[in-house]
Structures are given as structure tokens and as C-alpha cells.
Amino acid sequence: MSAISVSRFQNLSYDEFRRRAVDPTLSPAEKIGFPDAYRAGRSESILADIEQKLPALGSIHRRILDIGPGCGELARSLMERCQDRQHELVLIDSAEMLDQIPDQTNIIKRAGRFPEAIEGLDGAPYHAILCYSVIQYVFTEGNLFAFVDRCLSLLADGGRLLIGDVPNASMRKRFLSSPNGIRHHQHFMQTEAPPVVEHLAIEPGQIDDGVLIGLLQRCRGFGFHAWLLPQDASLPMANRREDLLIEKP
Ligand SMILES: C[S@@+](CC[C@H](N)C(=O)[O-])C[C@H]1O[C@@H](n2cnc3c(N)ncnc32)[C@H](O)[C@@H]1O
């Protein structure tokens, strides 16, 4: 995959995802903003990594919320897993995205943006909340703190919130400054030149260590356990993305 094809997946937004969802020329992975090479055939390994962090998924009869499921393979694998395990699964995304995925008896679809779209649903708490590859859009378009605070308020005792697959600009810079990262860049870009990494630069719209560690500290201050965790090394963007896992004690 070339750098040019990757640039087709930058500067996405909630409204751009709505447009992509109904574009018949795009594959399921492309509709949710990923080149096929990053996601096609990967949903089982991604879900296995998620399940390690959200053990409620492997249990039975739990209440699960997926914020921003999109309409790709991962959404479908999660739906299947929830049907097998007799979970109730609530999905919140745009109507255009939710229309792309089949209805199932154990699923409630709520169209709209979180947190607004959760209002009016019955107030029973959730044993697991998944928000995978979503908060980078909330960071640029909404209020990330209000988003996470509302997630915390929805957790059952012992419940977990996984804010997963978060692109961390600081982590990417650390990687690209390392010998492994330089080799990765040279191979990907088909060049002998090393990557240009600016360490002391303002990075508008980018989540970085400061944002993630601030969120972690905020959740801990509210009485929740919170950890920053690596993704399984086999996942497509594990060298520059990480997961924030929060548990209501
Ligand atoms: C990159 S896709 C990720 C899809 C899926 N979680 C996955 O990893 O396969 C981001 C999804 O988040 C949705 N989204 C963005 N902001 C949202 C919000 N505030 N509430 C609900 N969904 C949102 C988009 O519509 C899109 O479907």
C-alpha cells in the first residue's frame, strides 16, 4: 500500500463517515476509514485482543455497548460473539452506518452521536463498553472529556470501558525515532531517507501522551481504575496506537 492511498483515509469526521457509509464504491473497511490491508481478514485477531481487555464479552447474558461500531468486519464479529453469548448489544452510530449492518434480535441500534444518542434509553448499566478507533474524531469535533465522563456514568460495578485503537502522536514519534521505526518508514515509503520527526511542535487535532495521561488521571481521580495498554503486536497499527482501559471497581 502506498503513502498516497493512505492519505485517502485522513481528515475523516462523523459527517464524512456518514457519506462513506452509503458510497457503494467503497469496501466495508474503506467505509469506516481503513485501507483493506489494515482491516480485511483481521477482525478475529482484533476481537481476541479486545476480549482479553473486556472479559464480559466471554461471559454470558451481559449488557454491552459499542460506541461507533461502524459497519466493518469488526462490528459483524462482535455482533456474532454477542449473539453466541446471549448478550444484549447496544450500537450507537449514524443512521447511515447502522443501516449497513443487519438487524438481530439481541441488538438495539441507536442512531446519532454519542453521548446525545444514549439519552432516553433505559438506564441499566453496562458490563462492557467498547469505543474502538473513535475518540480521535471526538477529540477534533466534540468534547472528549464530556464523552468519557458519560461513558463512566454508564458502567456497572466491575464493568469495563475500552477506549481502544487510539492513535497517539507521541508514540508514533517515539517509534519513528527508533531504528525499527526508521526501517519501517524507509520500507513503507520506498525511500532511503529517514522520517522527519518534529518533537517540539504544536500538533493541532492530534491525541498525544498529554491527552491520554490526562484522561487516565481524570478517571482515576473519579474513583475508577485506569490503564494505558499496548495492542497485541500482530495488530496492524500496534506500533503507533494504544488502548485506554477503565474499570469501575
Ligand atoms: C474509524 S470508524 C471505527 C469503526 C469500528 N469501531 C471499528 O473499529 O471497526 C469510526 C466510527 O465512529 C463513528 N463515530 C464518530 N464519532 C461518533 C460519535 N460521537 N458517536 C457515535 N459514533 C461516532 C463513525 O461514524 C464511524 O463509524
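Because the structure is predicted, anything quoted here is derived from the model rather than measured. (Residues numbered from 1 in each chain as written. Predicted model: local features only at pLDDT ≥ 70, side-chain atom pairs only at ≥ 80, totals over all residues. Heavy atoms only, no water.)

A. Molecular detail of the overall build of the chain. Helix and strand counts for the chain stand at 12 helices and seven strands. Taken over the C-alpha trace, the chain has a radius of gyration of 18 Å; the compact-globule value for 249 residues is 18 Å, and the two agree within 12%. Projected onto the principal axes, the alpha-carbon positions of the chain cover approximately 55 × 45 × 30 Å. Residues classed as buried in the chain amount to 50% of the 249 residues present. A separation of at least 24 residues holds for 68% of the contacts in the chain among residues at least 6 apart in sequence. (Helix = DSSP H or I, 4+ residues; strand = E, 2+ residues; numbered from the N terminus. Rg over C-alpha atoms; globule rule 2.2 N^0.38 Å. Buried < 20%, exposed > 50% of the residue type's maximum accessible area, 1.4 Å probe, protein only. Contact = heavy atoms within 4.5 Å.)

B. Summary view of the pattern of salt bridges. For the structure shown, the criterion picks out 20 salt bridges. As a salt-bridge pair, Arg63 and Glu88 come within 2.8 Å of each other at their nearest N and O atoms. Of the two residues, Arg63 is situated in strand E1 (residues 63–67) and Glu88 in strand E2 (residues 88–93); the sequence distance between them amounts to 25 residues. Assessed through its relative accessible area of 11%, Arg63 is described here as buried. (Salt bridge = Lys/Arg side-chain N within 4 Å of Asp/Glu carboxyl O.)

C. Representation of the sheet that holds strand E3 (residues 107–111) in the model. Spatially, seven strands are ordered E3-E2-E1-E4-E5-E7-E6 in an open sheet, and the strand pairing comes out mixed. The open sheet has two free edges, formed respectively by E3 and strand E6 (225–230), since each of these has just one partner strand. Each strand of the sheet is rotated relative to its neighbour by a mean of 15°, with strand direction disregarded. Relative to E2, E1 runs parallel, the two being bridged by five bridges. The partner of Arg63 across the bridge, within E2, is Glu88. (Pairing = 2+ DSSP bridges. Axes fitted to C-alpha atoms, helices over the stretch in contact; angles between N-to-C directions.)

D. Focus on the pairing of E2. With five of its six residues buried, E2 lies for the most part within the structure. Once you follow E1 into helix H6 (residues 73–84) and on to E2, the crossover reads as right-handed. Sheet analysis places E2 next to E3, joined by five bridges and oriented parallel. The residue bridging Leu91 from the neighbouring strand is Lys109, located in E3. (Right-handed = clockwise from strand over helix to strand, strands pointing away.)

E. Seen up close, helix H9 (residues 144–153). Buried within H9 are the following residues: Leu144, Phe147, Val148, Cys151 and Leu152. One side of H9 holds all its buried residues, which, seen down the axis, span an arc of 135°. Tucked into the core, H9 has its buried residues touching E1, strand E4 (126–132), helix H8 (135–141), strand E5 (155–167), helix H12 (209–221) and strand E7 (241–247). In this structure Asn143 caps H9, since a side-chain oxygen of it lies 3.1 Å from the backbone nitrogen of Phe145. (Arc of directions from axis to C-beta. Polar contact = N/O pair within 3.5 Å; in protein donor to acceptor, adjacent residues only side chain to side chain.)

F. How the structure looks around the nonpolar core. Formed by 34 residues in total, the largest nonpolar core has its most connected members in Leu65, Phe114, Ile135, Phe147 and Ile246. Taken together, the elements giving at least two residues each to this core come down to E1, E2, E4, H8, H9, E5, H12 and E7. Not counting residues up to four positions away in its chain, the partners in contact with Phe147 are Ile67, Phe114, Pro115, Cys131, Ile135 and Val138. By size, the runner-up hydrophobic cluster in this structure holds 33 residues, among which are Ile64, Leu91, Ala128 and Tyr132. (Core = buried A, V, L, I, M, F, W, Y, C linked by side-chain atoms within 4.5 Å.)

G. Highlighting the domain arrangement of the chain. As assigned here, the chain comprises domain 1 (3–167 + 207–247) and domain 2 (169–204). The straight-line distance from the C-alpha centre of domain 1 to that of domain 2 is 27 Å. Summed over both sides, the interface of domain 1 with domain 2 buries roughly 830 Å², with 58% coming from carbon and sulfur. Put simply, domain 1 and domain 2 have one salt bridge between them. Salt-bridge contacts for Arg174 lead to Asp209; the nearest nitrogen and oxygen are separated by 2.6 Å. (Domains from an automatic or database assignment. Buried area = accessible area lost by both parts, 1.4 Å probe.)

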